Amino acid sequence: MKSARVGLMMLVGVAVVAITAVALLSIASTTKTVQRDNEAGQDSGLQSKVFARDAALNAAKEVAVAVVGMDAERIDDSMRTMRSKMTGSLRDAFDSNAERMKQAVSQSKSSIFASPLVAALAEFDDGGTRAEAIVVLEQRTSTDTQARAATYVLSLAKEGGDWKADDLQPIGTPRMAADVRTGPLAIFGETPAEIGNDAFVVDAATREVKTAAAEATQAMYTYDYRLIDEYRSKVSALLTYPLLQIFEASSDDLVEGVTATQAKQTVKVDPVGLVDLRADRADLLLVVEVSASKVRAASELTRGTMAARMIKVSGKWLLSELLDIA
């Protein structure tokens, strides 16, 4: 009897272990299923954001080309196309000036042909109904075959399911497109691949790198002859190679010039467009407004566009390249 009881207890023990094992396996299986469902849901959400971002960016390029372009041999068609890509105050302004525009094109007989060089979203709302974009166009006229790069900031709104511009502002002075393509735009290399681009998909990372780029650029171009001693160390901490090397090589001359002319300069960086975002690298378009003054000289206010590359070093975004576009 004793051995029977022991055997029974062993069977009971084995049964308990088996039941526990089955229960644990069931829980693990359920947990993995939930994880897979969550990951699938997250992937679906991210893919939806990628699709919405790319649709807005492509629309920004299309709208910019349509609004800027003009075929002098098909003026009415061109103007209809232009108006179809406008909404709000921009369309109102177009309607008010349409006749004068038509007369001017008829007299000049000059067409404008445009195509996008590079573009970036600067803002994109969660609802997918508002956006802001920086678009660099290569454009030429029928009377001047030299292609030039011109930058525009567009405010975009959804109307009837289509993206349209309700504001368009030219930025800076157009430059030879060939110089821009081989100079500042060479920072970006080939057209960024859509796969793996986290711009406006991973919101926290997007905000972080945009803020870091704006702060680094502002620090680099903002100085005051009265505070020049702290300028170099402050800027150097926000840069990495190759820009850090360039800055260190030229900073002595800059400090000497700022001190001699009692120069002051302030900078506003807005908007900030994000072309491409990876784990440790980001490419951006920046609109930079510079207000400068020197002793015995008139104050100057200029606005232009810059191409920038940020590199993440030890968890911190640093500015590695920065070149003027316009």
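Our subject in this report is the structure included herewith. (Residues numbered from 1 in each chain as written. Predicted model: local features only at pLDDT ≥ 70, side-chain atom pairs only at ≥ 80, totals over all residues. Heavy atoms only, no water.)

1. Digging into the environment of V288
Secondary-structure assignment places V288 in strand β7 (residues 281–293). Residue V288 is classed as buried on the basis of its relative accessible area, which comes to 5%. Non-local contacts of V288, meaning those with residues more than four positions away in its chain, are made with T217, V267, K268, V269, T302, R303, G304 and M306. (Helix = DSSP H or I, 4+ residues; strand = E, 2+ residues; numbered from the N terminus. Buried < 20%, exposed > 50% of the residue type's maximum accessible area, 1.4 Å probe, protein only. Contact = heavy atoms within 4.5 Å.)

2. Description of the packing of aromatic side chains
Two numbers describe a pair of aromatic rings. These are the distance of the centres and the angle of the planes. Across all of its chains, the model carries three aromatic pairs by this definition. Note on F124 and W163: the rings are 6.3 Å apart at their centroids and 45° apart in plane angle, and the pair reads as tilted. In this pair, F124 sits in strand β1 (residues 112–124) while W163 sits in strand β4 (residues 162–176), placing the two residues 39 residues apart along the sequence. Take F124 and W163: they sit in the same class, and that class is buried. Pairing Y223 with Y231 gives two aromatic rings, centres 6.0 Å apart and planes at 85°, and the pair type is edge-to-face. For the residue pair Y223 and Y231, the accessibility class agrees, reading buried in each case. (Phe/Tyr/Trp six-rings, centres within 6.5 Å; stacked < 30°, edge-to-face > 60°.)

3. Some words on the nonpolar core
Ranked by size, the top nonpolar core spans 68 residues in total, and within it L154, L156, L284, L286 and M310 carry the most contacts. When residues in this core are grouped by element, the largest group, eight residues, is from helix α1 (residues 2–68). Residues V118, V153, V287 and A307 belong to the second largest nonpolar core, which totals 17 residues. (Core = buried A, V, L, I, M, F, W, Y, C linked by side-chain atoms within 4.5 Å.)

4. With respect to the side chain of K164
Along the chain, K164 falls in strand β4. Within polar-contact distance, the side chain of K164 engages the side chain of E159 at 2.9 Å. Once residues lying within four places of it in the same chain are set aside, the contact partners of K164 are V63, S84, K85, M86, T87, R91, S155, L156, A157 and E159. (Polar contact = N/O pair within 3.5 Å; in protein donor to acceptor, adjacent residues only side chain to side chain.)

5. Topic: the side chain of S110
Position of S110 among the secondary structure elements: in the loop between α3 (88–108) and β1. Not counting the four nearest positions on each side in its chain, S110 is found in contact with A72, V105, T141, S142 and T143.

6. A word on unusual backbone geometry
Between Y241 and the following residue, P242, the backbone shows a cis peptide bond with an omega angle of 10°. Within the element layout of this structure, P242 appears in the loop between α6 (231–236) and α7 (243–261). With an omega dihedral of 0°, the bond running from D270 to P271 counts as a cis peptide bond. Its location among the elements puts P271 in strand β6 (residues 264–277). With phi around 50°, Q262 is a residue other than glycine that occupies positive phi space. With respect to the helices and strands, Q262 occurs in the loop between α7 and β6. Classification of Q262 by relative accessible area gives partly exposed; the value is 38%. Here S314, not a glycine, exhibits a phi torsion of approximately 50°, which is positive.

7. Notes on the pattern of salt bridges
Close approach of charged atoms lets side chains of opposite charge pair. Here the structure, examined in full by the defined rule, presents 19 salt bridges. With a closest N to O distance of 2.9 Å, E159 and K164 form a salt bridge. Between D252 and R232 there is a salt bridge, with the nearest N and O atoms lying 2.3 Å from each other. Of this pair, D252 sits in helix α7 while R232 is found in helix α6, placing the two residues 20 residues apart along the sequence. Classification of R232 as partly exposed rests on a relative accessible area of 32%. Connected through salt bridges with shared partners, the residues D276, R278, R281, D283 and R309 form a single ionic network. (Salt bridge = Lys/Arg side-chain N within 4 Å of Asp/Glu carboxyl O.)

8. Points about the pairing of β7
Taken together, the 11 bridges between β6 and β7 define a ladder with antiparallel strand orientation. Pairing of Q265 across the sheet is with A292, part of β7. Here β6 folds back onto β7, and the loop between the two strands holds three residues. The hairpin formed by β7 and strand β8 (residues 300–313) contains six residues between the paired strands, and R296 there has a positive phi angle of roughly 60°. (Pairing = 2+ DSSP bridges.)

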